[in-house]
Amino acid sequence: MKFLILPLIALSLIFLTPSCSKYPNGAKFTLLTKTNRMVNDWKLTSYMINGNEFVDEQPEIKLVIEKDGTYSWSATQTVLGQIQSTFEHGTWMFSEDKTSLMLLTEGEELPVGYTINELRSKKLVLQYYDKITNITYISTYETDK
């Protein structure tokens, strides 16, 4: 019976001790790895430019991140009764400290880095700051899975 007490105390401390999150609005505790949370079929639900919401003006945007290190992005909208789509695909990776998502589009030489503000199993918030125009873009993606 004594051999059960020590593991129970250790397990209790794990669940009761607050953990540090690399993301400002991320989960405080999760059993899923960052990769497992990132790999998903995401749909854009919010798009903000310098704090102003623009999602209603955006086409339907999907971001699919695969476990094999590839991603695909698509935007679909109806214009004058015709469906128009834009696609891109490439590879993805975390930055070295895992605070940014790096997307390298096929045919490009440099990846684009997005700061991860929130990474949960059903919600992903990415921020991109354009130093040239001084504009901050925040994209919120959600999933049903």
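Above this text you will find the structure in question.
Residues numbered from 1 in each chain as written. Predicted model: local features only at pLDDT ≥ 70, side-chain atom pairs only at ≥ 80, totals over all residues. Heavy atoms only, no water.

**Topic: the overall build of the chain**
- Across its full length, the chain holds two helices and nine strands.
- What you see in the chain, going N to C, is helices and strands ordered as α-α-β-β-β-β-β-β-β-β-β.
- With an accessible surface of roughly 10,000 Å², the chain has 57% of that area assigned to carbon and sulfur atoms. (Helix = DSSP H or I, 4+ residues; strand = E, 2+ residues; numbered from the N terminus. Areas by Shrake-Rupley, 256 points an atom, 1.4 Å probe, with all protein chains shown as cover.)

**Focus: the side chain of Ser-74**
- You can see Ser-74 is positioned in strand E4 (residues 70-79).
- A residue is classified by how much of its surface remains accessible, and Ser-74, at 15% relative accessible area, is buried.
- If we skip the residues at most four places from it in the chain, Ser-74 touches Glu-60, Ile-61, Lys-62, Thr-86 and Phe-87. (Buried < 20%, exposed > 50% of the residue type's maximum accessible area, 1.4 Å probe, protein only. Contact = heavy atoms within 4.5 Å.)

**Side note on the environment of Lys-34**
- Take Lys-34: it is sitting in helix H2 (residues 34-38).
- As a C-alpha pair, Lys-34 and Arg-120 span 86 residues in sequence and 8.6 Å in three-dimensional space.

**Focus: the pairing of strand E3 (residues 60-65)**
- Examined bridge by bridge, strand E1 (residues 40-49) and E3 share four bridges and lie antiparallel to one another. When the bridges of E3 are listed, Trp-42 appears paired with Leu-63.
- As defined by bridge partners, E3 adjoins E4 across six bridges and the pair is classed as antiparallel. If you follow Ile-61 over to E4, its bridge partner there is Ala-75.
- With antiparallel pairing between neighbouring strands as the criterion, E3 and E4 make up a hairpin whose turn holds four residues, including Gly-69 at a positive phi of roughly 90°. (Pairing = 2+ DSSP bridges.)

**A look at the nonpolar core**
- If you look at the biggest cluster of nonpolar residues, it comprises 18 residues, and the most contacted ones within it are Met-38, Ile-65, Trp-92, Leu-101, Ile-116, Leu-124 and Tyr-141.
- Of all the elements in the fold, those that place two or more residues in this core are E1, E3, E4, strand E5 (82-94), strand E6 (100-105), strand E7 (112-119) and strand E8 (123-130).
- In contact with Leu-124, not counting residues within four places along its chain, are Met-38, Trp-42, Ile-116, Glu-118, Leu-119, Ser-139, Thr-140 and Tyr-141. (Core = buried A, V, L, I, M, F, W, Y, C linked by side-chain atoms within 4.5 Å.)

By themselves these figures say nothing about function.
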